[in-house]
Amino acid sequence: MGEELIGVKNSALSLILDCDNLKELEELKLQFLGRSGKLTLLLKELPKLPLEKRGEIGRLANEVKKTIEETISQAQEKLSNQNSQNKIDIDTTIPGIKPDIGHLHPMTQVLYEVVDIFKRIGFQVADGPEIETDYYNFEALNIPKDHPSRDTQQTLYVDTRNSRIAAGETLLRTQTSNMQGRIMEKIKPPFRIIVPGKVFRYEQVDVSHGFEFQQFEGFAVDENIKMTDLFGVIEYFFKKFFGEKTKVRFVCHNFPFVEPGAEAYISCNVCKGKGCTFCKNSGWVEILGAGMIHPNVLRNVNIDPNKYHGFAFGVGLSRLATLRYQMDDLRLLTNPDMRILEQF
Ligand code: DAH
């Protein structure tokens, strides 16, 4: 009987180790350990053995049973692990997931383009504070406290009640022209500078007005600067930005910090001058203020107005962006909705 037990064990182990699927393994289990399995039947014979042999054969029979059981459960574990590994097999034919790639905001794209165009004709780029003093935003620009032109610059003043700063002296800059005084008092002519940046006004927000928008200021000072230099630079810029066919028109206008002063209009790039909602059917779009820097502004920064002359201009950068992309609402430029931003 001992030999039979060993024989059953050997055949069971070799079948189990050869088995490569769980269903067959289950059948083998029945075949050896089931109610009428080979081992079970042998065990039923045990009581028939002579008493002195029963102990020894009984132990052997238990060992054989344990070995077969353990081998089956190890094989089960191995096969089920293989099955779950098969499930996560990589299918290299499935197309991958494309990661989203961002891009520059339309406002930034326009800003980079402007800077690039002016750099080509020798302009440097400067930056400055958005919280400004009354002096640089107004007084240095020949706009004293009681000047009526202050009314047009709906100014947001900073609340300084619990500080040592005098009331009405600190504000959010209303124009990037604030940088004229700050820069010109530090460097000596000749220079050509542009200053892009945010400006703030107490405006009712609608399709064409915002309480916060972007401008850029440009100015150049040298010994022989004339108004025609200003015209040339402005025309050069708009032709480069909107295309060579763009026409530029200047009309007289008063700004306290320039004399003479002008406003420039460009032929509407949306309707090509025929008339549309962008240009209010006039074919022309007002785009900047400009002029020859007022002698008082030069004196304020200790530049001799008899020796040096300069021109200055201020352009609505936000306006350039809405015209470039034909946006009919200025608020689209500050809307973070991806459905809008993805279009540019
Ligand atoms: N700072 C003016 C504004 O915001 C624009 C402007 C007009 C700038 C005339 C200039 C200029 O430099 O000469 O309305």
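Residues numbered from 1 in each chain as written. Predicted model: local features only at pLDDT ≥ 70, side-chain atom pairs only at ≥ 80, totals over all residues. Heavy atoms only, no water.

K.L.:
Looking at this structure, I do not really get the overall build of the chain. What am I missing?
P.N.:
Scanning the chain from terminus to terminus reveals 11 helices and nine strands. The C-alpha atoms of the chain give a radius of gyration of 43 Å, which is well past the 20 Å a tight globule of 344 residues would have. By principal-axis analysis of the C-alpha atoms, the chain measures approximately 135 × 55 × 40 Å. Of all 344 residues assigned to the chain, the portion counted as buried reaches 41%. Of the contacts made within the chain by residues no fewer than 6 positions apart, 67% connect residues no fewer than 24 positions apart. For the chain, the accessible surface area stands at approximately 20,400 Å², while carbon and sulfur atoms represent 52% of it. Computed over 43 positive and 46 negative side-chain charges, the inter-centroid distance for the chain is 2 Å. (Helix = DSSP H or I, 4+ residues; strand = E, 2+ residues; numbered from the N terminus. Rg over C-alpha atoms; globule rule 2.2 N^0.38 Å. Buried < 20%, exposed > 50% of the residue type's maximum accessible area, 1.4 Å probe, protein only. Contact = heavy atoms within 4.5 Å. Areas by Shrake-Rupley, 256 points an atom, 1.4 Å probe, with all protein chains shown as cover. Lys, Arg positive; Asp, Glu negative; His and termini not counted. Charge placed at Lys NZ, Arg CZ, Asp CG, Glu CD.)

K.L.:
Could you clarify how one ought to interpret the packing of helix H2 (residues 22–33) against helix H3 (residues 38–45) in this entry?
P.N.:
Geometry of a packed helix pair, given as the angle between the helix axes and the separation of the axes. At their nearest, the axes of H2 and H3 sit 3 Å apart, and the two run at 15° to each other. With respect to each other, H2 and H3 are oriented roughly parallel. Across from Gln31, Phe32 and Leu33 in H2, the residues of H3 making contact are Lys38, Leu39 and Thr40. Residues that form the contact of H2 with H3 fall into these classes: three nonpolar, two polar and one charged. (Axes fitted to C-alpha atoms, helices over the stretch in contact; angles between N-to-C directions. Parallel < 35°, antiparallel > 145°, perpendicular 65-115°, else oblique. Nonpolar A, V, L, I, M, F, W, Y, C, P; charged D, E, K, R; others polar.)

K.L.:
Please explain the sheet that holds strand E5 (residues 212–222) as it appears in this structure.
P.N.:
Two strands in a sheet stick together by hydrogen bonds in their backbones, pointing the same way (parallel) or opposite ways (antiparallel). Spatially, E1-E4-E5-E9-E8-E7-E6 is the arrangement adopted by the seven strands of the open sheet, whose pairing is mixed. At either margin of the open sheet sits one strand with a lone partner, and together these are strand E1 (124–125) and strand E6 (248–252). For strand E8 (residues 284–293) and strand E9 (residues 309–316), the ladder comprises five bridges, and the chain directions are antiparallel. By the bridge assignment, Gly291 is partnered in E9 with Ala312. Relative to strand E4 (residues 191–200), helix H5 (residues 106–119) is tilted by about 165°, and along the sheet it contacts E1, E4, E5 and E9. (Pairing = 2+ DSSP bridges.)

K.L.:
Just checking my understanding: could you explain the site of the ligand for this structure?
P.N.:
As a matter of local geometry, the ligand sits amid 16 residues, with Gln175, Ser177, Arg201, Gln215 and Glu217 nearest to it. At a separation of 2.8 Å, an oxygen atom of the ligand approaches a polar side-chain atom of Gln215. Contact between the ligand and Ala312: an oxygen atom at 3.3 Å from a main-chain N or O atom of the residue. Summarising the interface, the protein chains cover 91% of the accessible area of the ligand, which totals 360 Å² for the free molecule. The set of elements that each furnish at least two residues to the shell around the ligand consists of E5, E8 and E9. (Near = heavy atom within 4 Å. Polar contact = N/O pair within 3.5 Å; in protein donor to acceptor, adjacent residues only side chain to side chain.)

K.L.:
How do you make sense of the domain arrangement of the chain when you look at a structure like this?
P.N.:
Bring the parts together and some accessible area is lost; that lost area is often taken as the interface size. One can read the domain layout of the chain as domain 1 (2–86) and domain 2 (106–341). The C-alpha-based centres of domain 1 and domain 2 are spaced at 93 Å. (Domains from an automatic or database assignment.)

K.L.:
What should I look at first to understand the pairing of E9 in this one?
P.N.:
It is a general feature of regular strands that their side chains alternate between the two faces of the sheet. Counting buried residues along E9, six of its eight residues qualify, which places the element largely inside the surrounding structure. Where E5 meets E9, eight bridges bridge the pair, whose relative direction is antiparallel. Looking at the pairing, Gly218 lines up with Phe313 of E9.

K.L.:
What should I look at first to understand the packing of helix H1 (residues 2–18) against H2 in this one?
P.N.:
Two elements in contact, H1 and H2, have axes separated by 10 Å at closest approach and are oriented at 175°. Considering their axes alone, H1 and H2 lie roughly antiparallel with respect to each other. Counted together, Val8, Ser11, Ala12, Leu15 and Ile16 of H1 and Leu25, Leu28, Gln31 and Phe32 of H2 form the full contact between these two elements. Here the contact of H1 with H2 is built from residues that sort into seven nonpolar, two polar and no charged.

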